[in-house]
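Chain by chain, the residues run as shown.
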Amino acid sequence: MSDARQIAIDVRDAVKRYGDFTALKRISLSIYDNEFFTLLGPSGCGKTTLLRMIAGFEDVTEGAIYLYGKEIEDLPPNRRPVNTVFQNYALFPHMSVLENVMFPLEMMGKKGDAKRRAREVLELVQLTQFANRKPSQLSGGQQQRVALARALAPQPKVLLLDEPLSALDQKLRKAMQIELKHIQRETGITFIFVTHDQEEALTMSDRIAVMSAGELQQLGKPTEIYEHPRNMFVADFIGETNLLEVSVDSFEAGRAVCHLGGGHEMHVDAVDGVGIGSKVHLSVRPERLYLTDVRADPDALPATVLENIFVGTNIMTIVDLKDGPNFTIRAANSDRGNARVFDAGSAVYVNGDKGAARLLVD
Amino acid sequence: MTAKTDVRNYPGFIAITILCLVILYAPLLVVTAYSFNASASITIWEGLSVRWYIDVFTGPESAKFKSAAMNSFSIALMAATTATIIATCAATAMVRGGKFRGRTLSFGLISLPLMVPEIVTAVATLIFFNAIGFTRGYTTILAAHIAFCIPFAYLPISARMQGIEGTYEQAAQDLYATRAQAFRYILLPLMMPGIISGFLLAFIISLDDFIITNFVKGAGIETLPTAIFGSVKQGIKPNIMAISTMLLGVSVVMVTISYFVSKKDNTQ
Amino acid sequence: MAGGASPGGSATTDTYAGARNWLLMPAWLVLGILSLAPVAMMLVYSFLTKEFRGGVIWEFSLAAYDQFFFDRGLFGDEPPRIEWTYISIFWRSIWQAGLATLMSLLIGFPTAYFIATRPEKVRPIWVFLITIPYWVNLLIRTVSMKFLLRDNGPLNDFLMSTGLIGEPIHIINTNFAVQLGLFYSYLPFMVLPIYASVERYNFTLSEAAADLYASKWVTLRRILLPTVKPGVIAGCILVFVPSLGSFLAPDLLGGAKNFMIGSLIEEQFKGSAGNWPFGAAIAMVLLTMVLILLLLFARQQARADREAGQ
């Protein structure tokens with residue numbers, strides 16, 4: 001991301017305390033203009049708190065939040081050019097869809113233009129024919145669109161989305177993910193999206209901030225976060241992984257020789273902060289491993305197949321390294337490629353791509 | 001499910017329930033029935049007639065009943081309206097005002113009229129008006145009624161407000177409404193069933209009160225219950241049964257409206 | 001009621017925290033002046049000297065409480081003995097209210113249980129049927145009861161026509177009539193809290209008991225009753241407290257012989273026979289009793305809540 005881009009939201013050393021409990025421990029991050037930015041983490045990690053601080057529903061205990069360079073702490077929510085799509089949508093039940101969408105425009109004093117603009121936004125979310133319905137007469141997905149339309153109607157500088165898809169079923173959810181992404185591109189509004197679903201975050205975001213226990217764990221593009229998790233939490237939280245405890249015996253040609261136990265060794269790219277004798281964790285993505293029945297690669301590890309688990313698109317194979325750890329290997333359920341399925345009990349070799357394994361500092 | 005497999009059902013409970021309803025309704029139904037008795041004696045049934053209803057409006061005591069009814073209804077209307085406004089404000093502070101010191105105390109004060117026995121409230125109010133040298137009459141009745149109507153209006157209103165999610169006002173504020181606008185356009189319309197229900201209950205409670213009114217009314221002014229009580233002291237007369245039936249009807253109708261209004265869920 | 005975590009329910013948001021004091025002000029003012037101040041004033045009056053035409057003379061006196069508890073003979077010069085007249089009226093009131101509560105419990109519990117085990121859709125209708133009579137004027141209900149119970153009233157007529165009795169039973173102006181009146185006045189108060197707790201009762205517990213060889217009645221006694229006890233206690237308090245200070249039922253159904261506290265208090269404020277400080281003192285004694293009861297009740301409910309929370 002080039003630094004020349006304008007910063008939409010700048011969070012500087014923000015701390016949030018509730019009495020003795022610290023929900024946010026000094027977070028700093030910048031969100032660029034026109035970006036689809038995701039706050040990702042398990043429940044209670046502080047992501048919603050941060051979102052509500054940006055919206056103006058929580059005050060900032062320490063630090064500051066800037067919106068296009070302007071400090072917004074003293075602005076009440078109704079004076080911030082930032083809108084929220086609430087998790088439960090919070091559609092006003094006594095108003096029609098159109099009235100809901102017109103509401104912010106009326107509150108801003110744009111009465112004359114309200115209806116035209118409201119219809120325009122309803123068209124964007126393809127709900128024009130439901131304008132006169134009450135929210136209760138709509139399906140969950142339609143309510144979701146109304147909430148989106150209502151928040152977009154006043155053309156906010158930043159749109160905040162608090163787990164907006166969590167109430168939808170799997171299929172609808174996938175469709176909405178793509179549509180949200182489209183709408184974001186079309187309108188050019190900065191989206192800040194909160195979710196606990198890592199797959200959703202990876203699918204939609206330009207950049208992701210992974211949070212845990214009130215702290216920022218890693219910030220980066222989806223591929224960076226997936227391929228180069230900075231620590232154990234991120235590696236474990238994003239995608240599936242084989243997390244192994246290893247000790248580093250020596251270095252060979254810039255690669256660390258990791259001892260897995262039972263005499264098994266793996267050569268992994270060295271990382272700063274890891275020296276000889278360190279006990280560290282190793283993350284190996286299961287889709288980056290494959291099995292063979294002959295030792296093609298001298299680094300391949302001998303193992304025995306424990307079981308195969310069929311999960312539709314994939315087949316997961318669990319293997320046991322003699323006197324060492326277990327590995328999970330994922331292969332596409334496809335006739336193409338060289339992936340083979342071995343019966344339980346077969347003797348096999350575990351092979352990995354070059355960058356399959358990563359050392360984690362903490 | 002048969003009786004044998006159902007662990008919930010106890011034989012005989014249905015009979016007791018029916019007995020319970022009979023006990024609750026029999027006296028009311030009997031008085032209603034006898035209010036249509038043509039006879040001047042309350043003991044003998046002489047056939048159906050609306051004679052005593054006509055008597056209430058045109059008979060020798062009609063002037064007394066008319067003024068008592070005027071007092072009762074005007075006091076009930078004013079007391080219920082005032083109490084409802086006060087209760088709506090209080091409920092907003094209690095339910096939408098966050099946690100604060102004195103919240104439990106405030107709730108205690110609001111429900112004080114429910115906890116203190118009515119006769120004690122009656123005595124205390126009488127003594128209070130006496131101590132500050134206030135002449136008893138219409139105003140003292142109204143003031144006392146406003147006070148004891150507040151908790152009856154408060155309970156349905158606050159119950160309703162607790163059922164309305166806080167995100168509605170937050171969404172409104174997020175969408176550029178001030179707090180006052182969020183209250184006016186979002187919270188108030190959503191609370192309306194609770195407010196109507198609270199008003200109706202306060203109205204009935206005021207209309208029905210005898211004990212407190214009897215203490216604070218002073219001489220020369222009557223409400224319907226005090227007038228009825230005065231008459232009954234000399235024995236139950238048929239016109240009293242007619243007027244009681246009408247009052248009973250008003251209560252039942254208003255409670256029924258209140259029930260259906262509060263059932264109406266406008267948050268869906 | 002049973003199970004409420006905090007009085008008045010929890011605060012859902014703090015949107016209007018800024019306007020809180022202004023919003024509460026009218027309630028504080030009105031109730032402070034018209035509910036709290038009068039009770040305080042009543043306490044003051046109970047320590048004043050009586051004025052013979054009603055009202056008080058502003059002179060400190062313990063005469064009211066002395067009259068309540070001690071008998072000093074006709075001329076007030078004998079050594080004080082315990083005065084039983086008023087204590088026995090209190091005792092009778094407690095007895096009457098207690099019996100009315102027991103009757104309400106015997107009828108109210110099965111009713112509440114029955115309603116709580118109906119299909120969820122029809123439960124509100126049953127509850128509504130139980131509550132309607134409460135909203136009907138208490139005076140009218142008591143008058144109706146008086147009308148029904150008279151020696152030659154509809155109840156006796158009916159019983160005689162069925163041949164169950166040969167001559168009218170005399171009910172009116174007896175202790176029993178008062179109990180019946182109180183029971184009738186406050187029965188809905190017994191049903192509602194019990195209903196609320198039975199509705200929350202997890203019937204799997206009953207099934208488990210049945211599975212473990214308990215009969216229905218053992219299940220009721222050993223499993224259900226202990227679980228819904230807070231609701232039962234709430235119901236008993238809600239019937240007992242207003243019964244204790246009631247005025248209409250003893251006055252209209254009990255006649256002159258069956259005096260209760262309410263009538264005793266009322267007498268003290270009627271014309272020249274009255275004694276305001278004495279009336280205020282009796283009301284104070286009654287209020288103290290009721291508040292102690294409510295306090296014990298609140299502590300019991302809080303304990304039950306804690307236990308339920310564990």
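As a starting point, this report considers the structure included with it. (Residues numbered from 1 in each chain as written. Chains lettered and ligands numbered in written order. Predicted model: local features only at pLDDT ≥ 70, side-chain atom pairs only at ≥ 80, totals over all residues. Heavy atoms only, no water.)

## A closer look at the overall build of chain B
For chain B, the count of helices and strands is 11 helices and zero strands. For chain B, the N- to C-terminal ordering of α and β elements is α-α-α-α-α-α-α-α-α-α-α. Structurally, chain B occupies a C-alpha span of about 70 × 70 × 30 Å along its principal axes. Taking all 268 residues of chain B together, the buried fraction comes to 60%. Residue pairs in contact within chain B that sit at least 24 positions apart in sequence constitute 74% of those at least 6 positions apart. (Helix = DSSP H or I, 4+ residues; strand = E, 2+ residues; numbered from the N terminus. Buried < 20%, exposed > 50% of the residue type's maximum accessible area, 1.4 Å probe, protein only. Contact = heavy atoms within 4.5 Å.)

## Here we look at the sheet that holds strand β16 (residues 301-311) of chain A
Residue and element names in this part refer to chain A. Spatially, β15-β19-β16-β17-β18 is the arrangement adopted by the five strands of the open sheet, whose pairing is antiparallel. Pairing within the sheet leaves two strands with one partner each, and these edge strands are β15 (289-292) and β18 (326-332). Pairs of neighbouring strands in the sheet enclose a mean axial angle of 45 degrees, with direction left out of account. Bridging between β16 and strand β17 (residues 314-321) involves eight bridges; their strand directions are antiparallel. By the bridge assignment for β17, N308 is matched with T317. (Pairing = 2+ DSSP bridges. Axes fitted to C-alpha atoms, helices over the stretch in contact; angles between N-to-C directions.)

## Some remarks on the packing of aromatic side chains
Tallying each qualifying case throughout the model produces 42 aromatic pairs over all chains. Residues B:F152 and C:W135 carry aromatic rings whose centres are separated by 6.3 Å and whose planes lie at 75 degrees to one another, so their mutual orientation is edge-to-face. Here C:W135 lies in helix α4 (residues 123-135) and B:F152 lies in helix α6 (residues 138-163), a pairing that spans two chains. Each member of the pair, B:F152 as well as C:W135, is classed as buried. Where C:F47 meets C:Y65, the ring centres are 5.0 Å apart and the plane angle is 35 degrees; that geometry is what we call tilted. With C:F47 in the loop between α1 (20-45) and β1 (48-50) and C:Y65 in helix α2 (residues 63-69), this residue pair connects regions lying 18 residues apart in the sequence. Through a chain of ring-to-ring contacts, the aromatic side chains of B:Y10, B:F13, C:F109, C:Y113, C:Y201, C:F203 and C:W217 assemble into a single cluster. In this structure, A:R12 is placed above the aromatic ring of A:Y66, and the distance from its NZ or CZ to the ring centre is 4.1 Å. Here the basic side chain of A:R285 rests over the ring of A:Y226, its NZ or CZ set 4.1 Å away from the ring centre. (Phe/Tyr/Trp six-rings, centres within 6.5 Å; stacked < 30°, edge-to-face > 60°. Lys NZ or Arg CZ within 6 Å of the ring centre and 35° of its normal.)

## Here we look at the nonpolar core
Counting 225 residues, the largest nonpolar core has A:I9, A:I192 and C:M42 as its most contacted members. Here this core spans two domains, since at least three of its residues come from each of domain 1 (34-83 + 275-310) and domain 2 (92-274) of chain C. Setting aside anything within four residues of it in sequence, one finds A:I9 in contact with A:L29, A:S30, A:I31, A:I54, A:I65, A:Y66, A:L67, A:V158 and A:I192. Listed in part, the 36 residues of the second largest apolar core include A:V85, A:L98, A:A131 and A:M204. (Core = buried A, V, L, I, M, F, W, Y, C linked by side-chain atoms within 4.5 Å. Domains from an automatic or database assignment.)

## Describing the interface of chain B and chain A
Across the contact, 20 residues belong to chain B and 27 residues belong to chain A. Summed over the three residues of chain B that lose the most area to chain A, namely B:D174, B:L175 and B:Y176, the buried surface amounts to 39% of that side. If you look at where chain B meets chain A, you find zero salt bridges. Scanning the region where chain B abuts chain A turns up nine residue pairs in polar contact (both at pLDDT 80 or more). Broken down by secondary-structure element, the contributors of at least two residues to the side of chain B that touches chain A are α7 (167-174) and α8 (179-208) of chain B. At seven residues, α7(B) tops the list of elements feeding residues into the side of chain B that touches chain A. Grouping the amino acids of the side of chain B that touches chain A by side-chain chemistry returns 10 nonpolar, eight polar and two charged. (Buried area = accessible area lost by both parts, 1.4 Å probe. Salt bridge = Lys/Arg side-chain N within 4 Å of Asp/Glu carboxyl O. Polar contact = N/O pair within 3.5 Å; in protein donor to acceptor, adjacent residues only side chain to side chain. Nonpolar A, V, L, I, M, F, W, Y, C, P; charged D, E, K, R; others polar.)

## A short note on unusual backbone geometry
Keep in mind that most residues, glycine aside, have a negative phi and that most peptide bonds are trans. Residue and element names in this part refer to chain A. The phi angle at D13 is positive, at roughly 50 degrees, despite the residue not being glycine. Take D13: it is sitting in strand β1 (residues 7-18). By relative accessible area, D13 is classed as partly exposed at 39%. Positioned with a positive phi, E163 is a non-glycine residue whose angle comes to about 40 degrees. Here E163 lies in the loop between β7 (158-162) and α5 (170-187). Overall, the relative accessible area of 8% leaves E163 in the buried class.

## Observations regarding the pattern of salt bridges
One pass over the structure, following the stated rule, counts 31 salt bridges over all chains. The partner of A:E58 in a salt bridge is A:K16, with the nearest N and O atoms 3.9 Å apart. Placement of the pair is A:E58 in the loop between α1 (47-55) and β4 (62-67) and A:K16 in strand β1, with a sequence separation of 42 residues. Pair check on accessibility: A:E58 and A:K16 agree, each one buried. B:E61 is paired through a salt bridge with B:K237; the nearest N and O atoms lie 3.9 Å apart. Of the two residues, B:E61 is situated in the loop between α2 (51-58) and α3 (62-96) and B:K237 in the loop between α10 (224-232) and α11 (238-263); the sequence distance between them amounts to 176 residues. Among the residues examined, B:K237 registers a relative accessible area of 30% and is labelled partly exposed.

## Considerations on the arrangement of the chains
No other pair of the two pairs of chains in contact has as many contacts as chains B and C. With no contact formed, the shortest span from any C-alpha in chain A to any C-alpha in chain C equals 9 Å.

## A word on the state of the cysteines
Going through the model one piece at a time under the given rule, you end up with zero disulfides over all chains. The thiol of C:C236 is unpaired, and the distance to the nearest cysteine sulfur, on B:C20, comes to 14 Å. (Disulfide = S-S within 2.5 Å.)

## Some details on the side chain of B:S251
Take B:S251: it is sitting in helix α11. In this structure B:S251 comes out as buried when scored by relative accessible area, which is 1%. What B:S251 contacts, discounting residues up to four positions off in sequence, is B:I204, B:D208, C:W135, C:V136 and C:N137.

## Quick notes on the sheet that holds β4(A)
Residues and elements named next belong to chain A. The strand order β2-β1-β4-β5 describes an open sheet built from four strands, whose pairing is antiparallel. The sheet terminates laterally at β2 (21-32) and β5 (70-71), the two strands that pair on one side only. Pairing geometry for β1 and β2, over eight bridges, is antiparallel. Across the sheet, the residue bridging to R17 is T22, located in β2. Lying on the sheet, α1 is in contact with β1, β2 and β4; it crosses β1 at an angle near 115 degrees.

## Focus on the interface of chain C and chain B
How big an interface is tends to be expressed through the accessible area that disappears when the partners come together. Contacts between the two partners involve 91 residues from chain C, matched on the other side by 96 residues from chain B. Interface area lost by chain C to chain B is led by C:Y16, C:W135 and C:F147, which between them contribute 10%. Inspection of the region where chain C meets chain B yields one salt bridge. In this structure, the salt-bridge partner of C:D251 is B:K233, at a minimum N-O distance of 2.5 Å. Taken together, the connections running from chain C to chain B amount to 19 residue pairs in polar contact (both at pLDDT 80 or more). Ranked by the residues each element gives to the side of chain C that touches chain B, the list is headed by α1(C), at 19 residues.

## Topic: helix α7 (residues 175-200) of chain C
Residues and elements named next belong to chain C. For α7, with 26 residues, the first-to-last C-alpha span of 37 Å sits near the 38 Å given by 1.5 Å per residue. If you look at α7, its biggest bend is around 50 degrees, right at Y186, and the proline P188 turns up within four residues after that. Burial within α7 is extensive, with 20 of its 26 residues counted as buried. (Expected span 1.5 Å × (residues − 1). Bend = angle between axes of the 7 residues up to and from the residue.)

## Observations concerning helix α3 (residues 84-116) of chain C
For α3(C), with 33 residues, the first-to-last C-alpha span of 45 Å sits near the 48 Å given by 1.5 Å per residue. Approximately 30 degrees is the largest bend angle found in α3(C), and it occurs at C:G108, with the proline C:P110 only one to four residues beyond.

## Topic: the pairing of β1(A)
All names here are of chain A. The antiparallel pairing of β1 with β2 creates a hairpin that spans two residues between the two strands, and G19 there sits at a positive phi of about 60 degrees. Here β1 runs beside β4; their pairing, made up of five bridges, is antiparallel. Across the sheet, V11 pairs through a bridge with I65, a residue of β4.

## Brief notes about the packing of helix α4 (residues 103-115) of chain B against α6(B)
All names here are of chain B. In contact at an axis separation of 7 Å, α4 and α6 are set at 115 degrees when each is read in the N-to-C sense. On the basis of the axis angle, α4 is roughly perpendicular to α6. The hand of the α4/α6 crossing is left-handed. For the pair α4 and α6, the contacting residues are F107, I110, S111, P113 and L114 in the first and A147, F148, I150, P151, F152, Y154 and L155 in the second. A per-class count over the contact of α4 with α6 returns 11 nonpolar, one polar and no charged. (Parallel < 35°, antiparallel > 145°, perpendicular 65-115°, else oblique. Left-handed = near helix turned anticlockwise from the far one by under 90°.)

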